[in-house]
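# Notes for the structure review
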Amino acid sequence: MNLLKLIGEFNEKKANSRHEETVLRRVNSLLSDETDFIVNEAYKTARTNVMFALSSEKGCKKIIVTSASPGEGKTTTCLNLAIAFAQTESKVLVIDGDLRKPRIYRHLGLSREDGLSDVLCGMITLEKAIKHCEKQNLDCITSGQIPPNPAELLSSKEMEQLLAELAQRYDYIFIDTPPVMLVTEAAAMAKFVSGVIFVVRQNYTIQESIQRARTNLEFANAKILGYILNGIESSHYGYGGYRRYGYGRYRRYGYGYGYGYGYGYNSYRHNTNGYSDTRYGYGYGYKKTKREEEKDKQEKFTFIEKIKRIARNEKQDPTKPGETEKKK
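Residues numbered from 1 in each chain as written. Predicted model: local features only at pLDDT ≥ 70, side-chain atom pairs only at ≥ 80, totals over all residues. Heavy atoms only, no water.

Let us now look at the overall build of the protein chain. Along its length, the protein chain carries 12 helices and 8 strands. Each of the 328 residues in the protein chain was classed as buried or not, and the buried ones make up 43%. If you take every contact in the protein chain between residues at least 6 apart in sequence, the share linking residues at least 24 apart comes to 79%. In the form shown here, the protein chain has an accessible surface area of approximately 18600 Å², with 50% of it arising from carbon and sulfur atoms. (Helix = DSSP H or I, 4+ residues; strand = E, 2+ residues; numbered from the N terminus. Buried < 20%, exposed > 50% of the residue type's maximum accessible area, 1.4 Å probe, protein only. Contact = heavy atoms within 4.5 Å. Areas by Shrake-Rupley, 256 points an atom, 1.4 Å probe, with all protein chains shown as cover.)

Right, here's the structure in full:
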């Protein structure tokens, strides 16, 4: 009995430890004073490009952040973009529009209850749903209760009226939506917003998925503001001499961010260890980074060259029979 109790206590401590690690990882993924220079600069670049893309639009800018498939970093990107805009003293609101698998409340350490779905159903007032995040200097509306009809709620007249009311209070509204290839929410809400930012992940996103997602958004007359490339091999990008001052140490976090306009990335491929395009969910697994793959190729190439060199030397060895006689 004592042994079973000890095992139970050990499992509970282990579960709590894993939970703490997960929470810490989520907190560390958000922009803060401790965030590395290169990551901060990447989001500032993205912020500037979004400002230019919407410079002709007056009033509040409402922006959807989405991706083709799960696991591409759209929620983290949405939050960090919002934080980057909040740093300019703009009034910023983040809305968790993923009513199927909400995540924003966990990153910000908020309660999921009393959120978007509750407001749209008339169960609570808008004032009760808005939660202020002092550290990030922005407001947030979490998802609320998980409804049976998220697509209908987000494309309803109530949602349009809600966004119109919020536009009177804020300069920027960022909406995190589910992946385009899985459900229709992002395309359905496109008519209510100023534009859509598309998040893709290097060595993870399938090129065909981007093309199909883009087609879905264009069919809904969505204005695609640009693409944010997430999870890049950060060692290939840098600020020259800044690395010697310590800015190159961001690699220890294992992620990188980049921003770019354009379309078509030939290097995207399916991550067979984790992600599946046929269902809604996240998968995890180990996959060698591009740098590790290049290192393996280089080692293999060096080994082959060494074998060839040895073979050539043996052919040209003057001590061999025949060569000695020829010299004589």
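A separate point is the environment of K191. Structurally, K191 is set in the loop between α9 (185-189) and β6 (195-201). The sequence separation of K191 and S155 amounts to 36 residues, and the corresponding C-alpha distance is 8.8 Å.

With that out of the way, let us pick up the packing of helix α2 (residues 37-53) against helix α3 (residues 74-86). At a minimum axis distance of 9 Å, the contact between α2 and α3 shows a crossing angle of 75°. Here α3 runs roughly perpendicular to α2, going by the angle between their axes. Listed contacts from α3 to Y43, A46, R47, V50 and M51 of α2 are T76, T77, N80, L81, A84 and F85. Considering only residue class, the contact of α2 with α3 consists of 7 nonpolar, 3 polar and 1 charged. (Axes fitted to C-alpha atoms, helices over the stretch in contact; angles between N-to-C directions. Parallel < 35°, antiparallel > 145°, perpendicular 65-115°, else oblique. Nonpolar A, V, L, I, M, F, W, Y, C, P; charged D, E, K, R; others polar.)

Let's shift gears to the nonpolar core. The tendency in soluble globular proteins is for nonpolar side chains to be buried as a group. Of all hydrophobic cores here, the largest spans 40 residues; its most connected members are I95, L116, I141, M159, L166 and F198. In terms of residue count, helix α8 (residues 157-167) provides more of this core than any other element does, 5 residues in total. In this structure, I141 is in contact with L93, V94, I95, D96, G115, L116, L126, A129, I130 and L166, ignoring residues within four places of it in sequence. If you look at the next biggest cluster of nonpolar residues, it comprises 33 residues, including V65, I104, Y172 and V199. (Core = buried A, V, L, I, M, F, W, Y, C linked by side-chain atoms within 4.5 Å.)

Attention now goes to the packing of aromatic side chains. With the rule as written, the count across this model stands at 4 aromatic pairs. With a centroid separation of 4.4 Å and 50° between ring planes, the pair formed by F85 and Y172 is classed as tilted. Here the residue F85 occupies a position in helix α3, and Y172 occupies one in strand β5 (residues 172-176), the gap between them amounting to 87 residues. Consider the rings of Y172 and F174, whose centres lie 6.5 Å apart with planes at 20°: the pair is stacked. Judged by its relative accessible area of 11%, Y172 falls in the buried class. Through a chain of ring-to-ring contacts, the aromatic side chains of F85, Y172 and F174 assemble into a single cluster. The ring of Y204 has R201 sitting right over it, with the charged end atom 4.6 Å from the ring centre. (Phe/Tyr/Trp six-rings, centres within 6.5 Å; stacked < 30°, edge-to-face > 60°. Lys NZ or Arg CZ within 6 Å of the ring centre and 35° of its normal.)

With that settled, consider unusual backbone geometry. The phi dihedral of D114 is positive, around 55°, even though this residue is not glycine. Its place among the elements puts D114 in the loop between α4 (104-108) and α5 (116-120). Not every positive phi belongs to a glycine, and N137 is a case in point at roughly 60°. Exposure remark for N137: the relative accessible area of 36% places this residue in the partly exposed category.

Quick look at the pairing of β5 now. Summarising burial for β5: 5 of the 5 residues are buried, a large majority. Of the two faces of β5, the one carrying Y172, F174 and D176 and the one carrying I173 and I175 are both buried. In this sheet, β5 lies alongside strand β1 (residues 61-67) in parallel orientation, the contact comprising 5 bridges. Within β5, the position partnered with V65 by the bridge is D176. Where strand β2 (residues 92-96) meets β5, 5 bridges bridge the pair, whose relative direction is parallel. For L93, the partnering residue across the bridge sits in β5 and is I173. (Pairing = 2+ DSSP bridges.)

For the structure on display, the rule yields 8 salt bridges. A salt bridge links D176 to K74; the nearest nitrogen and oxygen atoms lie 2.9 Å apart. Of this pair, D176 sits in strand β5 while K74 sits in helix α3; the two residues are 102 residues apart in sequence, bridging distant segments of the chain. Just as D176 is buried, K74 falls in that class too. (Salt bridge = Lys/Arg side-chain N within 4 Å of Asp/Glu carboxyl O.)

Before going further, it helps to spend a moment on the pairing of β1. Along a regular strand, successive side chains alternate from one face of the sheet to the other. Summarising burial for β1: 7 of the 7 residues are buried, a large majority. Alternating residues of β1 divide into K61, I63, V65 and S67 and K62, I64 and T66, and every residue in both groups is buried. By the bridge criterion, 5 bridges tie β1 to β6 in an arrangement that is parallel. Within the sheet, the bridge partner assigned to V65 lies in β6 and is I197.

With 17 residues, α2 ought to run about 24 Å at 1.5 Å a step, and its terminal C-alpha atoms sit 24 Å apart, in line with that. All of the buried residues in α2 are I38, V39, N40, A42, Y43, A46, R47 and V50. (Expected span 1.5 Å × (residues − 1).)

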